[in-house]
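A look at the structure
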Amino acid sequence: MEIITKRFLLRDFIPADEAAFLTYHAEPGYAEFCAPEEVTPNFTRKLLQRFNEWAIEHPRRNYQLAIVDRRSSELIGCGGLRREGYGSGQAELGVELAPQFWGRYAFAIEVGKALIEFGFRDLGLTEIRSISISANLRVSRLLERYGFVLIGTPPSPAWMRARGWHQTEWQLTRETWEKY
Ligand SMILES: CC(C)(COP(=O)(O)OP(=O)(O)OC[C@H]1O[C@@H](n2cnc3c(N)ncnc32)[C@H](O)[C@@H]1OP(=O)(O)O)[C@@H](O)C(=O)NCCC(=O)NCCS
């Protein structure tokens, strides 16, 4: 499974990605919008296991791909579309970058567009959702850029409420995307 953009290759994870994936997940900046248990090495290794299981599912429902710099082959983040837990025609979009790349080079803008196109064109989706956190303004800006609209506030875990934040749910329909 591969998606190629101007600067990146999005592909399934390989064992050699583990070190870089663990490294950026352990960076202090990364932890800002995560529950404490989500940034332990054990949690991060389990995430990789789950992505690998998703990669061999038949039929495939979930895509969580490594974002690799085409020139340096460096792992700079991950992103994907997950249909698990959603109705037919729907999937959830997620993109994350290693913190040193945040707000600098429009990497997420490029990767987000490629994943949205993959979802509507290749997977035949009619609707893409995304779940974020009220305080995560980088995610809000990225989603709004592509025409996502806020559709709700799902129940939030206690650690999030303790910080005065809540979950936000976003939606982009194929119709909106096509008009975009
Ligand atoms: C969500 C996330 C990927 C968004 O990253 P981002 O850095 O805002 O997105 P981009 O790389 O696309 O950068 C956008 C910035 O690129 C810059 N930019 C825009 N167009 C540009 C261009 N043509 N050329 C260069 N830079 C440009 C702008 O400064 C823009 O910032 P702005 O939206 O404030 O104006 C990132 O914040 C992230 O990985 N967060 C962690 C994920 C997360 O919170 N997970 C929770 C885990 S528990």
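Owing to the predicted nature of the structure, the values given are computational and were not obtained by experimental measurement.

Within the protein, the secondary structure is distributed over six helices and eight strands. What you see in the protein, going N to C, is helices and strands ordered as β-β-α-α-β-β-β-α-β-α-β-α-β-α. Taken over C-alpha atoms, the radius of gyration comes to 16 Å for the protein, in line with the 16 Å a tight globule of 180 residues would show. Based on the C-alpha atoms only, the size of the protein along its principal axes is roughly 40 × 40 × 35 Å.

As a further point, take the sheet that holds strand S4 (residues 75–82). Strands sit in the order S1-S2-S3-S4-S5-S6-S8-S7 across an open sheet of eight strands; the sheet is mixed. Looking at which strands have only one partner, the edges of the open sheet turn out to be strand S1 (2–4) and strand S7 (149–152). Going across the sheet, the axis of each strand differs from the next one's by a mean of 30 degrees, ignoring polarity. Bridge count for strand S5 (residues 90–97) against strand S6 (residues 127–133) is three bridges, and the pairing is parallel. Bridging from a neighbouring strand, alanine 91 pairs with isoleucine 128 of S6.

Let us now look at the site of the ligand. In the vicinity of the ligand there are 18 residues, among which Cys34, Ala106, Ala108, Ile109 and Arg138 approach most closely. Counting residues per element, the ones that place at least two in the shell around the ligand are S5, helix H3 (107–122) and helix H4 (137–145). With four residues, the single largest contributor to the shell around the ligand is H4. Split into classes, the residues belonging to the shell around the ligand amount to twelve nonpolar, two polar and four charged.

On to unusual backbone geometry, then. Cis geometry marks the peptide bond from histidine 58 to proline 59; its omega dihedral reads -10 degrees. Relative to the helices and strands, proline 59 resides in the loop between helix H2 (41–55) and strand S3 (62–69). A positive phi angle is found at serine 73, which is not glycine, with a value near 65 degrees. Along the chain, serine 73 falls in the loop between S3 and S4. The backbone of alanine 106 sits at a positive phi, close to 60 degrees, despite the residue not being glycine. Position of alanine 106 among the secondary structure elements: in the loop between S5 and H3. A count of 13 C-beta atoms within 10 Å places alanine 106 in the partly exposed class.

The next thing to look at is helix H1 (residues 18–25). Within the span of H1, buried status applies to Phe21, Tyr24 and His25. The arc enclosing the buried residues of H1, seen along the axis, measures out at 100 degrees, which places them on a common side. On its buried face, H1 is in contact with H2 and S4.

Tracing the backbone shows arginine 82 in strand S4. When sequence neighbours within four positions are dropped, the list of residues in contact with arginine 82 reads Asn62, Gln64, Ala91 and Glu92.

Quick notes on the rules
Residues numbered from 1 in each chain as written. Predicted model: local features only at pLDDT ≥ 70, side-chain atom pairs only at ≥ 80, totals over all residues. Helix = DSSP H or I, 4+ residues; strand = E, 2+ residues; numbered from the N terminus. Rg over C-alpha atoms; globule rule 2.2 N^0.38 Å. Pairing = 2+ DSSP bridges. Axes fitted to C-alpha atoms, helices over the stretch in contact; angles between N-to-C directions. Near = placed C-beta within 6 Å. Nonpolar A, V, L, I, M, F, W, Y, C, P; charged D, E, K, R; others polar. Buried ≥ 20, exposed ≤ 12 C-beta atoms within 10 Å, placed from the backbone. Arc of directions from axis to C-beta. Contact = placed C-beta atoms within 7 Å.

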